Amino acid sequence: MLVRAITAPGLRRWCRGRRGAAVACFPLGRALLGVRGAEAAVFLQGLLTNDVTQLVAAGDAPPALYAHALNVQGRCLYDVILYRLHGSTAEEPHILLECDSSVLDSIQKHLKLYKIRRKVTITPCPDLSLWAVIPGEQPGDASSLPKSADQALLLTPDPRAEVMGWRLIAKKGANLSEIIPGSQVGDVQDYHRHRYKQGIPEGVKDLPPGVALPLESNLAFMNGISFTKGCYIGQELTARTHHMGVIRKRLLPVRFPAPLPGPGVPEGAQILTESGKPAGKFRAGGGELGIALLRLAHVNEPLCINLGGDTVKLSATTPEWWPKAAAK
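Residues numbered from 1 in each chain as written. Predicted model: local features only at pLDDT ≥ 70, side-chain atom pairs only at ≥ 80, totals over all residues. Heavy atoms only, no water.

Undergrad: Any chance you could explain the overall build of the chain here in plain terms?
TA: If you tally the helices and strands in the chain, you get 6 helices and 16 strands. In the chain, which comprises 328 residues, the share counted as buried stands at 51%. Contacts in the chain between residues far apart in sequence, at least 24 positions, make up 72% of those at least 6 positions apart. By element, 52% of the accessible surface of the chain is carried by carbon and sulfur atoms, the whole surface being about 15,200 Å². (Helix = DSSP H or I, 4+ residues; strand = E, 2+ residues; numbered from the N terminus. Buried < 20%, exposed > 50% of the residue type's maximum accessible area, 1.4 Å probe, protein only. Contact = heavy atoms within 4.5 Å. Areas by Shrake-Rupley, 256 points an atom, 1.4 Å probe, with all protein chains shown as cover.)

Structure (structure tokens):
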């Protein structure tokens, strides 16, 4: 596989603005698929919510896109991040697809089902590793700036939200200290805690296949959908909801007063208001942080979950990175 290096002067500027924080690199268990061929972008265009043709457009093409693959009922099947690996329009389109590793087999079957006679090859990339690069809260200094960031196979801002830092793709076994000098390898659980704190869903636990709706999952807030592209599977419900402008539930970060003992809150547990009205459902979490699908009308109310006869309180917040109008 030919993967071109992408230099990252923007990452250097980003880190200089946060000199009080050390850069942490988190190894992610997400899988990577190579989608390559003359019709790679056109093929993915009909299966995903975002405008994939941007990745093969001439000029200032984005290095990464976030998107969902939907079923015919318009519900999320897979959340993916796409990366452009070809350097110019003169090269054969080469797109890397990141997905939850637990659905690697099913997403390959899904893609091959619609491949038909397209000039596209779909190949897993077990020789590559994926990392999240996020500034931590520990003291750092100027020597930790990524002066050798151009050694990365691909280093690009996370397309979902600025608070999620950068995505790094390197060969398996690559020395992270050479790619980003002074960086620290972090515990992946801290990465997930950061996600939950920011209300960023990722994977099948946060976005149950065949259950999660893209707009309720804040797909539009995370730059993951185009409302002007052509048709794609599951478009009808999403387009109708968008044009009606009524979204009564959204995924939101939630916090418990303290880390929960034992197995914690089961996925799908019902969240209630103090008066006992249904307010939403818990999706997933770690420690005292989590993410839940909540009715917006109850976001500012005291909330609780009944666990084995005990009432556990929790609170929800609106992420600061959301569009200002959406936070009202």
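Once the structure has been displayed, the description carries forward.
Undergrad: Would you take a moment to explain the sheet that holds strand β9 (residues 166-171) for this structure?
TA: Sheet architecture is open: 5 strands sit in the order β8-β9-β7-β1-β10, paired in mixed fashion. The sheet is open, and its two edges are formed by β8 (154-157) and β10 (184-185), each paired on a single side. As paired elements, β8 and β9 share 4 bridges and run antiparallel to each other. Its bridge partner lying in β9, L155 is registered against L168. (Pairing = 2+ DSSP bridges.)

Undergrad: Just to check I follow, could you spell out the sheet that holds strand β16 (residues 310-316) for this structure?
TA: Strand pairs in the sheet, formed through backbone hydrogen bonds, run parallel or antiparallel to each other. Spatially, β11-β14-β13-β12-β15-β16 is the arrangement adopted by the 6 strands of the closed barrel, whose pairing is antiparallel. Strand-to-strand twist of the sheet, defined as the mean angle between neighbouring strand axes without regard to direction, takes the value 45 degrees. Summarising the sheet, strand β13 (residues 278-286) and strand β14 (residues 289-295) pair through 6 bridges and their orientation is antiparallel. The residue of β14 that forms the bridge with A284 is I291. (Axes fitted to C-alpha atoms, helices over the stretch in contact; angles between N-to-C directions.)

Undergrad: Whenever I open this one, the pairing of strand β3 (residues 64-70) confuses me. Can you help?
TA: Looking along a regular strand, one sees side chains alternate from face to face of the sheet. In terms of burial, β3 is a largely internal element, 7 of the 7 residues being buried. Going residue by residue along β3, you find A64, Y66, H68 and L70 tucked away on one face and L65, A67 and A69 tucked away on the opposite face as well. Here β3 pairs with strand β4 (residues 76-84) via 7 bridges, running antiparallel. Of the residues in β4, the one forming a bridge with A64 is Y83.

Undergrad: When you look at the pattern of salt bridges in this model, what are you seeing that I'm missing?
TA: If charged atoms from side chains of opposite charge come close, those side chains can pair. Summed over all chains, the structure comprises 15 salt bridges. R118 is paired through a salt bridge with E39; the nearest N and O atoms lie 3.5 Å apart. Of the two residues, R118 is situated in the loop between α3 (104-115) and β6 (121-124) and E39 in the loop between β2 (31-36) and α2 (40-45); the sequence distance between them amounts to 79 residues. Here E202 makes a salt bridge to R167, at a shortest N to O gap of 3.1 Å. Of the two residues, E202 sits in the loop between α5 (188-198) and α6 (235-244) while R167 sits in strand β9, which places them 35 residues apart along the sequence. Because the salt bridges share partners, they merge into one network encompassing R30, D79, E98, D158, R160, R167 and E202. (Salt bridge = Lys/Arg side-chain N within 4 Å of Asp/Glu carboxyl O.)

Undergrad: What's the story with α3 in this structure? I'm lost.
TA: Structurally, the α-helix is built with 3.6 residues per turn, so residues lying three or four positions apart point the same way. Under the 1.5 Å per step criterion, the end-to-end length of α3 is 16 Å for 12 residues, consistent within 8% with the ideal 16 Å. When α3 is considered as a whole, its buried residues turn out to be L104, I107, Q108, H110 and L111. Seen end-on, α3 carries its buried residues on one side only, within an arc spanning 160 degrees. Away from its buried face by more than 90 degrees, α3 exposes D105, K109 and L113. Check the buried side of α3 and you find it contacts β2, α2, β4, β5 (94-99) and β6. At the exit of α3 stands I116, carrying a positive phi of roughly 50 degrees. (Expected span 1.5 Å × (residues − 1). Arc of directions from axis to C-beta.)

Undergrad: Looking at this model, I keep getting lost on the nonpolar core. Mind explaining?
TA: The nonpolar side chains of a soluble globular protein tend to be buried, and buried together. Y83, L96, I169, I271, F282, L294 and I305 are the most contacted members of the largest nonpolar core, which totals 56 residues. It is β14 that contributes the most residues to this core, 5 residues altogether. Residue assignment places this core across two domains, with domain 1 (23-187) and domain 2 (215-316) each supplying three or more. In this structure Y83 touches P63, A64, H94, I95, L96, E98, L130, L154, T156, R167 and I169, once residues within four positions along its chain are discounted. (Core = buried A, V, L, I, M, F, W, Y, C linked by side-chain atoms within 4.5 Å. Domains from an automatic or database assignment.)

Undergrad: In this structure, what is going on with α5? I would like to understand it.
TA: Taken as a whole, α5 has its buried residues at Y191, R195, Y196 and Q198. One face of α5 carries all of its buried residues, which in axial projection span an arc of 170 degrees. In this structure, the buried side of α5 is in contact with β1 (23-27), β7 (128-135), β9, β11 (249-255), β13 and β14. Looking at the residues trailing α5, positive phi occurs at G199, about 75 degrees.

Undergrad: What should I look at first to understand the packing of aromatic side chains in this one?
TA: Per the counting criterion, the structure on display carries 3 aromatic pairs. Taking the centre distance of 6.1 Å and the plane angle of 40 degrees together, the rings of F26 and Y191 count as tilted. Of this pair, F26 sits in strand β1 while Y191 is found in helix α5, placing the two residues 165 residues apart along the sequence. Just as F26 is buried, Y191 falls in that class too. Stacked on the ring of Y66, the Lys or Arg R160 has its end atom at 6.0 Å from the ring centre. Its end group placed over the ring of W322, R250 keeps NZ or CZ at 5.9 Å from the ring centre. (Phe/Tyr/Trp six-rings, centres within 6.5 Å; stacked < 30°, edge-to-face > 60°. Lys NZ or Arg CZ within 6 Å of the ring centre and 35° of its normal.)

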